[in-house]
Amino acid sequence: MPQYAEIAIALPIDRTFHYSIPSHISGDIAVGKRVFVPFGPRTVVGYVISLCDAIDIKDPKSISSVIDKEPLLSSDMFKLAGWISDNYFCSLGEAIAAAIPGGIKKGKTSIGSRLKDKHEDIKEEIRSDPHTLMEEQSMALKAIEASMDKGEHKTFLLHGITASGKTEVYLQAIDIVLAKGRQAIMLVPEISLTPQTVERFVARFGAHVAVIHSALTDAKRFLEWKKIKEGKARIVVGARSAIFAPFENIGLIIVDEEHETSYKQDDVPRYHAREVAEERARLNNCPLILGSATPSLESYYKAKQGEYKLIRLTKRVEERSLPKVKIVDMRMELATRQRVTIFSKVLLDAVENTLKKHKQAIIFLNRRGFSTFVNCKQCGLVLKCKRCDAVMVYHFEKKALVCHYCGYTSSPPDICPKCRSGYIRYFGLGTEKVESEMSRIFVSARIVRMDSDTTGKAGSHDRILGEFKSGKVDLLVGTQMIAKGLDFPQVTLVGVVSADVSLNLPDFRASERTFNLLTQVAGRAGRGEDGGEVIVQTYTPHHYAILSAAKHDYDKFYDEEIVARKELLFPPFVNLIKMTLRARNEELTSKTAGDLAAAIKSEDKDAMVAGPAPATISRIRGYFRYNVILKGRDRLKLCALLKIVLAKFKKPHGVLIAVDVDPISM
Ligand code: ADP
Ligand code: ZN
Ligand code: ZN
């Protein structure tokens, strides 16, 4: 009987601890189970990493009790957690905590306990039959199947234009996996935004599918998890945390829309699910499929280097053509029209035409609210949040000014708080304004808006999309929520009110984001027999991101963008670590950030360090924010260097440091 156990604790402590195993629990303890252990004055949850007979510390504390009847995690999952801890700058315990569902994490539920599944309303098997594959689809499937037969790990980048039948390839690849008696994980960016994809999986595989998403309650999430663990589900469809599904014999992992930023977790551990998927596929010797119409620069670069196998789907199903994209130069509109509204004449005519033909249109603007800033004509004051360095956005329905960073709400002033004049003006536009202008111009049109303001309540996504699908609505106005994955054959027009919103962000990925969004939103048009048209309004009509999106030319975009990345030394040519320091005192924040940058330099004089510089939003909720950026070609080395530096670094009281490895925004 082993005497001691090595325990990882879900706290930001970069080491494990040894505890002794009291005899009354020695029969219950096992690697992969959770235990309660004394830690300082508290009792905390720990994970048993290993068991041993001898340790070199005197008088270890003893484990208080064992929580689980069955191990929670397999040895593979421990390896995966170790990899996350090394690559994303978190403790092993924090990485393990990410791999198990919330309710379990808190130690409330134990595995093996009987929690009744009240929701076992397993749907009747409404099997949708596989399509006969088109040639390109079938070649793609063959390549993937060959790799599965060899039992090797290989990453495929499936670059297929919108509606080229990527999802059908996933479905049939999973069929093969199931026939081999193995399991599959399919990651989607956000379940609520991809209801149609989930529906298709359930229709094809029925009760074999477990769905995991962020809106699940802890109890429901636990039930899905248990269903997987007990082998009742063989396919998991879910958002990023589904990559930790407790399967023992994975045959295939798929990451759909692999370029999506929602795969990056913005809290500790700040892992990227696409990369964790790759590591898990490697550990399981199985293929990984990364699918996208607009691959991330990182993945396409790897494909070009031969690290990934590139597969292309270049044709739309049933030979449907990609929609024609028209760029409208809004500078010309300004110059030539008497009265300028937010819509160009071209767009207005197209909407009118669509309504006349009883077809549907999607009007896209990636910014919510009514007007996006409020200023005083007299003294020039722009109203900002009290707690953040961010402008207040006017929301018409709420009749309030709202800070999009902290949620602070105030009533719109009648007079300027600074100079007391009455000349308060509202500038800029968001989806609320688009909706209201559209209904003013097209009085009889039925319009619905979808953004995070209208989708707060559970079920509201489905309701809005349902109304649109059934044809009860003519125009769907929305933010990026409506840009992805939707398949509505009656949509013949997509209007982009401003392509410049994402282009003007101070981020090295601004062009990539813009290209992706435009391509994705354009892909919503012309999915039916009637074809489709896309109208893009912009003040920068010659930008390569806009031009290549209009031509549906990913390679052209990639070729330009990759040159810029190389010159400026950004990913995929380097890895980045962003350290954000925050404190209530600005001087202290900036000085500590400077000290940290210097400490890195003195540990390694060749380290590429940028900053400190104020963060894009330099104050949030009263905390000043400064960034220090570390660049390098080897992520593990960067993390190791930073571990050494931070271990020695004397952080002043009141300063917080967040470390984000390969951040998705700057
Ligand atoms: P993507 O994932 O690339 O957007 P989908 O797999 O969703 O494309 O395919 C678009 C539409 O075409 C779907 O309605 C799908 O059912 C249909 N489809 C896919 N493959 C075929 C095929 N080989 N024959 C006929 N229809 C197909
Ligand atoms: Zn004023
Ligand atoms: Zn604020």
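The structure presented is a predicted model; accordingly, all values stated were derived computationally and were not measured.

## Brief notes about the side chain of Ser147
Relative to the elements of secondary structure, Ser147 occurs in helix H4 (residues 135–150). Residues contacting Ser147, with those up to four places away along its chain left out, are Glu152, Lys154, Phe156 and Pro287.

## Digging into unusual backbone geometry
Phi is mostly negative for residues that are not glycine, and the peptide bonds are mostly trans. Each neighbour pair has its own omega, and for Val268 with Pro269 the value is -10°, a cis peptide bond. Relative to the elements of secondary structure, Pro269 occurs in the loop between strand E10 (250–256) and helix H8 (273–283). With an omega dihedral of 10°, the bond running from Gly611 to Pro612 counts as a cis peptide bond. In this structure, His358 is a non-glycine residue whose phi angle is positive, near 60°. Positionally, His358 belongs in the loop between helix H11 (345–356) and strand E14 (360–364).

## Regarding the pattern of salt bridges
According to the stated counting rule, one finds 31 salt bridges in the structure shown. Residue Arg635 is joined to Glu275 by a salt bridge in which the shortest nitrogen-to-oxygen separation is 2.9 Å. Residue Arg635 is located in helix H19 (residues 635–648), and its partner Glu275 is located in helix H8; the two are separated by 360 residues in the primary sequence. The same class applies to Arg635 as to Glu275, namely buried. Linked by salt bridges that have partners in common, Glu397, Glu432, Glu435, Arg449 and Asp451 make up one network.

## Some details on the domain arrangement of the protein chain
Domain parsing of the protein chain yields domain 1 (4–100), domain 2 (125–318), domain 3 (320–370 + 429–564) and domain 4 (575–661). The straight-line distance from the C-alpha centre of domain 1 to that of domain 2 is 31 Å. Taken together, the contact between domain 1 and domain 2 spans 16 residues of the former and 15 residues of the latter. Surface buried jointly by domain 1 and domain 2 totals about 1,500 Å² across both partners, of which 71% is contributed by carbon and sulfur atoms.

How each quantity is defined
Residues numbered from 1 in each chain as written. Chains lettered and ligands numbered in written order. Predicted model: local features only at pLDDT ≥ 70, side-chain atom pairs only at ≥ 80, totals over all residues. Heavy atoms only, no water. Helix = DSSP H or I, 4+ residues; strand = E, 2+ residues; numbered from the N terminus. Contact = heavy atoms within 4.5 Å. Salt bridge = Lys/Arg side-chain N within 4 Å of Asp/Glu carboxyl O. Buried < 20%, exposed > 50% of the residue type's maximum accessible area, 1.4 Å probe, protein only. Domains from an automatic or database assignment. Buried area = accessible area lost by both parts, 1.4 Å probe.

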